Protein chains: 2
Amino acid sequence: MTADVRTTAMAAAVGPLPHAPTLEEVAERAGVSRSTASRAINGGLKVSPEAQAAVDVAVAELGYTPNRAARTLVTRRTDSVALVVPEPDERVLTDPYFAGTLQGLSDAFAATEIQLVLLIARRGEEAQRTNRYLRNRHVDGAVIVSHHRDDTLDSVLAESRLPCVFVGRPWTAPRPVQYVDVNNYLGGRRATEHLIAAGCRHIGTITGLLDMAAGVDRLAGWRQALQDAGLPDDAMVRGDFTTAGGAAATERLLQAHPEIDGLFVASDLMAAGALGVLASHGRAVPDDLKIVGFDNLGVAASTSPQLTTMNNPVVEMSRVAGELLLAQITGTATSLEPRIFGAEIVIRASA
Amino acid sequence: MTADVRTTAMAAAVGPLPHAPTLEEVAERAGVSRSTASRAINGGLKVSPEAQAAVDVAVAELGYTPNRAARTLVTRRTDSVALVVPEPDERVLTDPYFAGTLQGLSDAFAATEIQLVLLIARRGEEAQRTNRYLRNRHVDGAVIVSHHRDDTLDSVLAESRLPCVFVGRPWTAPRPVQYVDVNNYLGGRRATEHLIAAGCRHIGTITGLLDMAAGVDRLAGWRQALQDAGLPDDAMVRGDFTTAGGAAATERLLQAHPEIDGLFVASDLMAAGALGVLASHGRAVPDDLKIVGFDNLGVAASTSPQLTTMNNPVVEMSRVAGELLLAQITGTATSLEPRIFGAEIVIRASA
DNA sequence: CGCCGGTGTGGAATCGCTCTCACATCCAGG
DNA sequence: CCTGGATGTGAGAGCGATTCCACACCGGCG
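Rules of the game
- Along every chain, residues carry numbers that run from 1 in the direction the sequence is written.
- Chain labels run from A onward and ligand labels from 1 onward, assigned in the order the entries are written.
- Reporting in this predicted model follows two pLDDT cut-offs: at least 70 for local features of residues, and 80 or more for side-chain atom pairs to be given and counted; totals over whole chains, interfaces and linings ignore these cut-offs and use all residues.
- Working from all heavy atoms in the structure, the side-chain values ignore hydrogens and water.
- Comment: elements are numbered from the N terminus, with helices defined as DSSP H or I runs of at least four residues and strands as E runs of at least two.
- Summary of the burial criterion: residues with accessible area below 20% of their type's maximum are buried, those above 50% are exposed, and those between are partly exposed, where the area comes from a 1.4 Å probe applied to protein chains only.
- Arc definition: it is the arc formed by the directions from the helix axis to the C-beta atoms.
- Residues are treated as being in contact if the distance between any of their heavy atoms lies within 4.5 Å.
- In short, DSSP must find at least two bridges between two strands for them to pair.
- As a rule, the C-alpha atoms of each element are fitted with a line to give its axis, helices using only the stretch in contact, and angles between N-to-C directions run from 0 to 180 degrees.
- Being near a molecule or strand, for a residue, means having at least one of its heavy atoms within 4 Å of it.
- N or O atoms closer than or at 3.5 Å make up a polar contact, with two conditions inside protein: a donor-capable atom paired with an acceptor-capable one, and, for residues adjacent in sequence, both atoms drawn from side chains.
- When residues are grouped by polarity, Ala, Val, Leu, Ile, Met, Phe, Trp, Tyr, Cys and Pro land in nonpolar, Asp, Glu, Lys and Arg in charged, and all others, Gly among them, in polar.
- Each domain's limits were defined by an automated method or a database of domain assignments.
- Here the quantity called buried area is the total loss of accessible area, with a 1.4 Å probe, experienced by two parts when brought into contact, counted for both.
- Put simply, a salt bridge is a Lys or Arg side-chain nitrogen that is within 4 Å of an Asp or Glu carboxyl oxygen.
- Our superposition of the copies is a least-squares fit, built on the C-alpha atoms of residues whose pLDDT is at least 70 in both.
- What makes a nonpolar core is a set of buried Ala, Val, Leu, Ile, Met, Phe, Trp, Tyr and Cys residues whose side-chain atoms join them at distances within 4.5 Å.
- Working definition: rings of Phe, Tyr and Trp (its six-membered ring) pair if their centres are within 6.5 Å, and the pair is stacked with planes under 30 degrees apart, edge-to-face with planes over 60 apart, and tilted otherwise.
- The criterion for a charge sitting over a ring is simple: Lys NZ or Arg CZ within 6 Å of the ring centre, and within 35 degrees of the ring normal.
- By definition in this entry, angles of less than 35 degrees are roughly parallel, angles greater than 145 are roughly antiparallel, angles of 65 to 115 are roughly perpendicular, and the rest are oblique.
- The predictor attaches a confidence to each residue, called pLDDT, with possible values from 0 through 100.

Remarks on unusual backbone geometry
- Cis rather than trans, the peptide bond between V285 of chain A and P286 of chain A has omega equal to 10 degrees.
- Assignment of secondary structure puts P286 of chain A in the loop between α13 (268-280) and β9 (290-295).
- If you check the backbone angles, D79 of chain B has positive phi at about 55 degrees while not being a glycine.
- The topology assignment puts D79 of chain B in the loop between α5 (68-75) and β1 (80-85).
- One non-glycine residue, N296 of chain B, lies in positive phi territory at about 55 degrees.
- In this structure, N296 of chain B sits in the loop between β9 (290-295) and β10 (308-311).

Right, here's the structure in full:
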């Protein structure tokens, strides 16, 4: 009967959609019950070798994949996690940092059945939709990237107790929340120390966004290094992590502090912008002025001169974030400690 | 970071999870049957005003959201669409083109309940998982970006008849498949014509990947413009759409054709790489050599000199792609015609 | 007054899966 | 020979929604 139905369906070239095989059909073909088929497919505990083999064959022949909705309905697992991006704008999406996150997470989940749902959380009305989506557990967990000061996500996540991991230290951490991050403070300090060791005595900085931990911490590291060395720490201008922002900031910095001979820029994207401006001002890098950037995500190697920069292992960090989330979801997490990565300097031509 | 952070975390994890309200509970609270409650929630056809009001109140009070899995099981709609990226590597993810796609799609679906599932389709074994995922209709439709020549996706999509729209013309189009794209051929031609009009007589090109339609078409446009003008069309080197690839290609081009005074580069990313190399070779842009790029996605405005380039309205195109897909899914699509956008030139400093 | 069509309602059957539980089978040990 | 545990199996009860269908009710028309 089943065979007849199928061939009929095949024959009709246009109308009916190819109907996805069900567990029932697999079971019938394998000559076992639905229960046994289900067991064979999910780990095969308490299944005889013969039954297992028969089911395997049937699955392969029919191209069977479990219906996710049906499975979710009973197990209450969705086998999907959200990647939450609290900003819709170009800034985040075009940043290689975001691309790295995507790649790392994709690596982490490659071996699992887990799908990545992209949640781009706009402000206002639509933020509510995102919140509801998370709160009602339409995903098993969430990875949050680029967490600003004013986001309401934190409370939503707390009250729903959804497993989650932040990529980059969240601004507020009243409740213990797990995150992965590079040591931004130490990175800023080391970068600046490198400039000092290279002979710079007037070292400026272009900061990142100061409503993000990465921006604040890198700035703090720069300041500490200068204070430790007894050098002035007043040549500071704000940037926004973008190339254009970096260029604009550089103009302002040169105006206010023409004496600088060293520059720590809180991201390579901004450093690339800075290089263009410096060139047009006739300041040679690294001879007149040395630059150290931050991130080392591809941009640094394609500027001229190539950038000396701090390594920011985003792909690796995000992969770890994915694994930590997985551990939380499966309940095998032993602690919610953050995982901090070191920031090594990568020396190229600019300093 | 401190010891008691963890204990607090574990303490917070204890206790019953907030149980999501069901339709049953809504119905009971509203004093109606499950059927009526369901009808009231889904459009409210054939529901009396009183019943509707009672259900609305109950929904609000309980904070009810329909269980997606249960709904999907019966309606066979998943309310999610896949964004398929047939390459896992850095190249695609870091390209601003991809970021633009994300943003456009996110716009298109912002007003709907539809979620975006990111499908990063690796090669080999894992590609099979992706194919199965699509074939078994775990999503209502798919948007495919960056479609190469050797992908097996096409046949999978064809046989499953899954609604889909390509962003960028797919390499193979034996069956009628809908896509959105910029007119790459015309773009390449206009860019080159602009260089000719500016007085260039030896115009080279750095191509994109030649296993993608965008690469081939832009090249064809460049060639046609030169042939029409009776100029030589032999100064062609292959690039790969990346900054580093653009830089390398430029080196090769200068080696083989030092006489060039104009250059059409098939993407701004590659053009940025080219600018660096040209600067280090002492070739002034635009005085010694004029450059026109392609894409105008932010990079073009942050190089120095700023790039003259062809506008590639990716965000807009992807938004349209999302809308076309929506139309296919709801069955309101009137045709599967591709939608082609014009490529306007944006004149800045490089040509 | 009887009948008809339209409206609103609730009962009940699904959708495809997991998982509990009862049962059959088999072998070891008393 | 009987008992007990271990092992594999299948029947069947849900999971939480949608939707078909039968039915009650009501106003209007012949």
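Some remarks on helix α3 (residues 34-41) of chain A
Residue and element names in this part refer to chain A.
- Along α3, the residues that are buried comprise T36, A37 and A40. Across the axial projection of α3, the buried residues extend over an arc of 100 degrees, all falling on one side.
- Elements in contact with the buried residues of α3: α2 (23-30) and α4 (49-62).

A short note on the sheet that holds strand β10 (residues 308-311) of chain A
All names here are of chain A.
- Read from one edge to the other, the open sheet built from six strands follows the order β7-β6-β8-β9-β10-β12, with strand pairing classed as mixed. Taken across any chain shown, the strands that pair with only one partner, and hence form the sheet edges, are β7 (236-238) and β12 (345-346).
- Where strand β6 (residues 203-207) meets strand β8 (residues 262-265), four bridges bridge the pair, whose relative direction is parallel. From the neighbouring strand, I203 faces β8, where its bridge partner is G262.
- Packing against the sheet, helix α11 (residues 213-229) makes contact with β6, β7, β8 and β9, and its axis sits at approximately 170 degrees to β6.
- Of the strands in this sheet, β6, β8, β9 and β10 touch α13, which is tilted by about 155 degrees from β9.

Points about the sheet that holds strand β5 (residues 178-182) of chain B
- Ordered in space as β11(A)-β5(A)-β4(A)-β3(A)-β1(A)-β2(A)-β2(B)-β1(B)-β3(B)-β4(B)-β5(B)-β11(B), the twelve strands form an open sheet in which the pairing is mixed. Strands at the two margins of the open sheet, each flanked by one partner only, are β11 (339-341) of chain A together with β11 (339-341) of chain B. The average undirected angle you get between the axes of adjacent strands in this sheet is 20 degrees.
- Note: strand β4 (residues 164-167) of chain A against strand β5 (residues 178-182) of chain A, three bridges, orientation parallel. Its bridge partner being in β5 of chain A, V167 of chain A is matched across the sheet by V180 of chain A.

A look at the protein's contact with DNA strand D
- Residues in close proximity to DNA strand D total 27 residues, the closest being R39 and R76 of chain A together with L23, S38 and N42 of chain B.
- By atom count, sugar and phosphate contribute 59% of the portion of DNA strand D lying within 4 Å of the protein.
- Within the side chain of R34 of chain A, a nitrogen or oxygen atom sits 3.2 Å from a base nitrogen of DNA strand D.
- Contacts to DNA strand D include R76 of chain A, whose side-chain N or O atom sits 2.4 Å from a phosphate oxygen.
- With five residues, α5 of chain B is the largest single contributor of residues to the surface near DNA strand D.
- Across the surface near DNA strand D, the residue classes tally to eleven nonpolar, ten polar and six charged.

Structural notes on the domain arrangement of chain A
All names here are of chain A.
- For chain A, the domain assignment lists domain 1 (3-75), domain 2 (80-181 + 315-340) and domain 3 (184-313).
- Distance from the C-alpha centre of domain 2 to the C-alpha centre of domain 3: 29 Å.
- Between domain 2 and domain 3, the residue contacts involve 14 residues of the former and 16 residues of the latter.
- Across the domain 2 to domain 3 interface the summed buried area is about 1300 Å²; carbon plus sulfur atoms make up 58%.
- Scanning the region where domain 2 abuts domain 3 turns up one salt bridge.
- Between R169 and D217 there is a salt bridge, with the nearest N and O atoms lying 2.8 Å from each other.

Describing the relation of the copies chain A and chain B
- Least-squares fitting of chain A to chain B yields an RMSD of 0.6 Å, with the transformation described by 0.4 Å of translation along the axis and a rotation of 180 degrees. Taken together, the rotation angle and the small translation identify this as a two-fold axis.
- Comparing contact sets, 87% of the residues at the interface of chain A also lie at the interface in chain B, consistent with an isologous, same-surface contact.

Details of the nonpolar core
- If you look at the biggest cluster of nonpolar residues, it comprises 93 residues, and the most contacted ones within it are L83, F98 and F109 of chain A together with L83 and F98 of chain B.
- Setting aside chain neighbours within four positions, we find F98 of chain A in contact with L83, V85, V92, L93 and V145 of chain A together with L102 of chain B.
- Among the nonpolar cores identified, the runner-up in size contains 33 residues, and L134 and I144 of chain A together with V117 and L157 of chain B belong to it.

Description of the packing of aromatic side chains
- This model, assessed by the stated rule, comprises two aromatic pairs over all chains.
- A cation over a ring is seen here: R218 of chain A above F294 of chain A, with NZ or CZ 3.8 Å from the ring centre.

Structural notes on the protein's contact with DNA strand C
- Around DNA strand C sit 27 residues, and of these L23, S38 and Y64 of chain A together with T36 and R76 of chain B come closest.
- Sugar plus phosphate, as a fraction of atoms of DNA strand C within 4 Å of the protein: 64%.
- Taking S48 of chain B, its side chain carries an N or O atom lying 2.8 Å from a phosphate oxygen of DNA strand C.
- In the model, a phosphate oxygen of DNA strand C is placed 2.5 Å from a nitrogen or oxygen of the R76 of chain B side chain.
- When contributions to the surface near DNA strand C are tallied by element, the ones reaching two or more residues are α3 and α5 (68-75) of chain A together with α3 (34-41) and α5 of chain B.
- No other element matches α5 of chain A, which puts five residues into the surface near DNA strand C.
- Its residues placed into classes, the surface near DNA strand C shows eleven nonpolar, ten polar and six charged.

Notes on the environment of N296 of chain A
Residues and elements named next belong to chain A.
- N296 sits in the buried class, given a relative accessible area of 18%.
- Considered as a pair, N296 and R283 are 13 residues apart in the sequence and their alpha carbons are 23 Å apart.
- Those residues in contact with N296 that sit more than four places away from it in its chain are D268, T309, M310, N311, V346 and R348.

What about the packing of α3 of chain A against α4 of chain A?
All names here are of chain A.
- Where α3 meets α4, the closest approach of the two axes is 9 Å, and the angle between their N-to-C directions is 85 degrees. Between α3 and α4, the angle is such that the two are roughly perpendicular. Contacts between α3 and α4 involve T36, A37, A40 and I41 on the former and, on the latter, A51, Q52, V55 and V59.
- In terms of residue class, the contact of α3 with α4 is built from six nonpolar, two polar and no charged.

Quick notes on the confidence of the model for chain A
- Of the residues in chain A, 93% have a pLDDT of 70 or more, and the chain-wide mean is 89.
- Ignoring residues within four places in sequence, the model shows residues 1-15 of chain A, a span with pLDDT below 50, making six contacts including any to other chains.

Quick word on the pattern of salt bridges
Residues and elements named next belong to chain A.
- For the structure on display, the rule yields 21 salt bridges over all chains.
- Linking R34 and E24 is a salt bridge whose minimum nitrogen-to-oxygen distance equals 3.4 Å. One end of the pair, R34, is in helix α3; the other, E24, is in helix α2, with ten residues separating them in the sequence.
- Using a relative accessible area of 46% as the deciding quantity, one classes E24 as partly exposed.
- Measuring nitrogen to oxygen at the nearest pair gives 3.0 Å for the salt bridge that ties E316 to R319. Residue E316 and its partner R319 are located together in helix α14 (residues 314-330), separated by three residues, close to a single helical turn.

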